[in-house]
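# Coordinates in review
Now for the letters of each chain:
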Amino acid sequence: MPQNELTDKFCQSAKATSGRKVDYFDTLVKGLVLRVSAGGTKSWYLVYGPPAKRQWLKLGSYPEIPLGGDRGARQRARDARAKVGDGGDPVADKKSLAVSQTVADLVENYVKRHASTKRSGDEIARRLRKNVSGRDADGKKLEDCSAGCIGEVKLSELHRRDITKAIDAVKDRGAHVEANRLFEDVRAMIRWARGRGDLDQNLVEGMRKPTETVERDRVLSVDEIRTMWGALADADMRESTRRVIRLCLVTAQRVGEVCGITVDELDLDAALWTIPPTRSKNKREHAVPLSPMAVKIIRDQLADVKALAERKGRAMPAFVLPGPGARAPVTGAAIAKAIKREEVMKRGTATILGVEPWTSHDLRRSAATHMEELGISPFIIGHVLNHVSATKASITSRVYARYDYMREKREALELWADRLAGIVRGGAEVVPFGSMGAA
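Below you will find a few notes about this structure.

Calculation criteria
Residues numbered from 1 in each chain as written. Predicted model: local features only at pLDDT ≥ 70, side-chain atom pairs only at ≥ 80, totals over all residues. Heavy atoms only, no water. 1 Å grid on protein atoms, 1.4 Å probe; cavity = no way out; pocket = protein on both sides within 12 Å on 5 of 7 lines; lining within 4 Å. Points joined across faces, edges and corners; volume = space filled by probe spheres on them. Helix = DSSP H or I, 4+ residues; strand = E, 2+ residues; numbered from the N terminus. Phe/Tyr/Trp six-rings, centres within 6.5 Å; stacked < 30°, edge-to-face > 60°. Buried < 20%, exposed > 50% of the residue type's maximum accessible area, 1.4 Å probe, protein only. Core = buried A, V, L, I, M, F, W, Y, C linked by side-chain atoms within 4.5 Å. Contact = heavy atoms within 4.5 Å. Patch = residues over 30% accessible without salt bridge, like charges linked within 9 Å, V, L, I, M, F, W, Y side chains within 5 Å. Areas by Shrake-Rupley, 256 points an atom, 1.4 Å probe, with all protein chains shown as cover. Salt bridge = Lys/Arg side-chain N within 4 Å of Asp/Glu carboxyl O. Lys, Arg positive; Asp, Glu negative; His and termini not counted. Charge placed at Lys NZ, Arg CZ, Asp CG, Glu CD. Pairing = 2+ DSSP bridges. Axes fitted to C-alpha atoms, helices over the stretch in contact; angles between N-to-C directions.

## Focus on empty space enclosed by the protein
- Applying the stated criterion across every chain yields a total of two cavities of 30 Å³ or more.
- Computed from the structure, the largest cavity encloses a volume of approximately 60 Å³.
- Taken together, Val103, Leu106, Val132, Ile150, Leu158, Ile163, Ala166, Val186, Met189 and Ile190 make up the full set of residues lining the largest cavity.
- Of all the secondary structure elements, the ones that give two or more residues to the lining of the largest cavity are α4 (103-113), α6 (160-172) and α7 (176-196).

## Let's talk about the packing of aromatic side chains
- Taken as a whole and judged by the stated rule, the model has six aromatic pairs.
- Centroid distance Phe10 to Tyr24: 5.2 Å. Interplanar angle 80 degrees. Geometry classified as edge-to-face. Placement of the pair is Phe10 in helix α1 (residues 8-13) and Tyr24 in strand β2 (residues 22-26), with a sequence separation of 14 residues.
- With a relative accessible area of 11%, Tyr24 lands in the buried category.
- An aromatic cluster is present here, built from Phe25, Tyr45 and Trp56 joined pairwise through their rings.

## Points about the nonpolar core
- Of all hydrophobic cores here, the largest spans 57 residues; its most connected members are Val244, Ile245, Leu249, Leu290, Trp358, Met371 and Trp416.
- In this view, Ile245 contacts Met228, Leu232, Met237, Ile335, Ile339, Trp358 and Leu363; residues no more than four positions away in its chain are not counted.
- Counting residues in hydrophobic clusters, the runner-up holds 29 residues, among them Tyr110, Ala115, Val170 and Met207.

## Observations concerning a positive patch on the surface
- Positive charge collects at one region of the surface, where Lys118, Arg119, Lys281 and Lys283 lie side by side.
- Following the sequence through the fold, Arg119 ends up in the loop between α4 and α5 (121-133).

## Side note on helix α12 (residues 332-341)
- Those residues of α12 lying buried are Ala333, Ile335, Ala338 and Ile339.
- Contacts made by the buried residues of α12 are with α5, α9 (239-251), α10 (255-259), β9 (343-346), β10 (349-352) and α13 (360-373).

## Here we look at the sheet that holds strand β4 (residues 42-48)
- With respect to topology, five strands assemble into an open sheet ordered β1-β2-β3-β4-β5, the strand pairing being mixed. Of all the strands in the sheet, the pair left with one neighbour each is β1 (3-4) and β5 (55-62).
- With two bridges joining them, β1 and β2 adopt parallel strand pairing. Looking across to β2, one finds that Gln3 is bridged to Phe25.
- Of the strands in this sheet, β2, β3 (32-36), β4 and β5 touch helix α2 (residues 73-85), which is tilted by about 25 degrees from β4.
- Its contacts with the sheet put α7 on β4 and β5, and the angle it makes with β5 is roughly 135 degrees.

## Some details on unusual backbone geometry
- The omega torsion across Tyr62 and Pro63 is 10 degrees, close enough to zero to call that bond cis.
- Its place among the elements puts Pro63 in the loop between β5 and α2.
- Residues other than glycine seldom take positive phi values, yet Ala271 does so here, at roughly 50 degrees.
- Judged by its relative accessible area of 15%, Ala271 falls in the buried class.
- A positive phi angle, close to 55 degrees, is found at Leu353, a residue other than glycine.
- Its place among the elements puts Leu353 in the loop between β10 and α13.
- When its relative accessible area of 8% is taken as the criterion, Leu353 is described as buried.

## Quick word on the sheet that holds strand β8 (residues 286-289)
- If you walk across this open sheet you meet the three strands as β6-β7-β8, and the pairing is antiparallel. Edge positions in the open sheet fall to β6 (266-267) and β8, since each of these has one partner strand only.
- The pairing of strand β7 (residues 272-275) with β8 spans four bridges and is classified as antiparallel. From the neighbouring strand, Trp273 faces β8, where its bridge partner is Val288.

Spelled out as structure tokens, the structure:
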């Protein structure tokens, strides 16, 4: 059995020999082993106990679990050895936990320890609870859970067919995009669990995405925007939902970013909304100049939120667009449902607010397309949209070029807002970019 003072460089280059697995024992922490399989998979183990009753405790996979650090393999091995020294048996404890732990337990553990750190954490939690565990955060059965929920399945008995059952139930109800996203969520959760040692194998390895989706290219025309905007006033939805839809179109920002606006992100006197890196898709701060139309929508919303808080006798919430109870912002999923509820069928044709069905992201695409029709540079539109291709496509733009294009972004969004106001009023003329000051 080879013994080495394991290093990150060694772990990265370690290989099996002669087509057989090899165990590399660490010389610094007694019993710590890096096992390299014939296929190249690397796993951490702690070996303990007398030779006749040798126990192998799996600590996780490499490189998901690094060598060093507070949560690395060496520290995990030390912690496990301390339990052995106190008379414990980590292998028996792990087997007992695997027998008792269910998929629902795994979902909550994953949501708490990993998914909650992500920008889309709330959506991931919603999808996994509704379609996989069938339980809420308190362990109570959800009324609207999917028919394919597998929350009661023991982790020790979890099989690929169980995962397939959960995803197929979503696909069978026609929610193909939701099925694909759920598959990605489950795949990430299984990989996370295997990396931690909660599961001994990657159950989703080799599984394919449940359905192939076509990239959307829906753009609302001038007439459709006019019709939709006019019908929005009478739509059966909360006024704050109407404002989210309008802001998505006016600002050309993502629905999730619009929904999560906080009071602290706004400087309405300067007509500026700054999205922090924690809420931005590309993890970079994004400054969005606000047109007078956008400022008015936000001021109206803040006035309503303040009035409601005073009536309820509670403090002003941090969110500009709070959800029910004002403890969290309204979600993109709630906006999607509100839009979908407006869909009607007439003579076999579906419409939403009087036009061909659309989504909140189609509003963002429509705004970008109409800005380009106005003659605004695609490069500037890319900065308005905060696309990676525009903001950090090269080492020059990532590191050296620090110009923020604020003036150009403001001109573009104000020109678009003026154009949008004209569309809503019934005008159809296109004002070329650069002619705003001409008279």
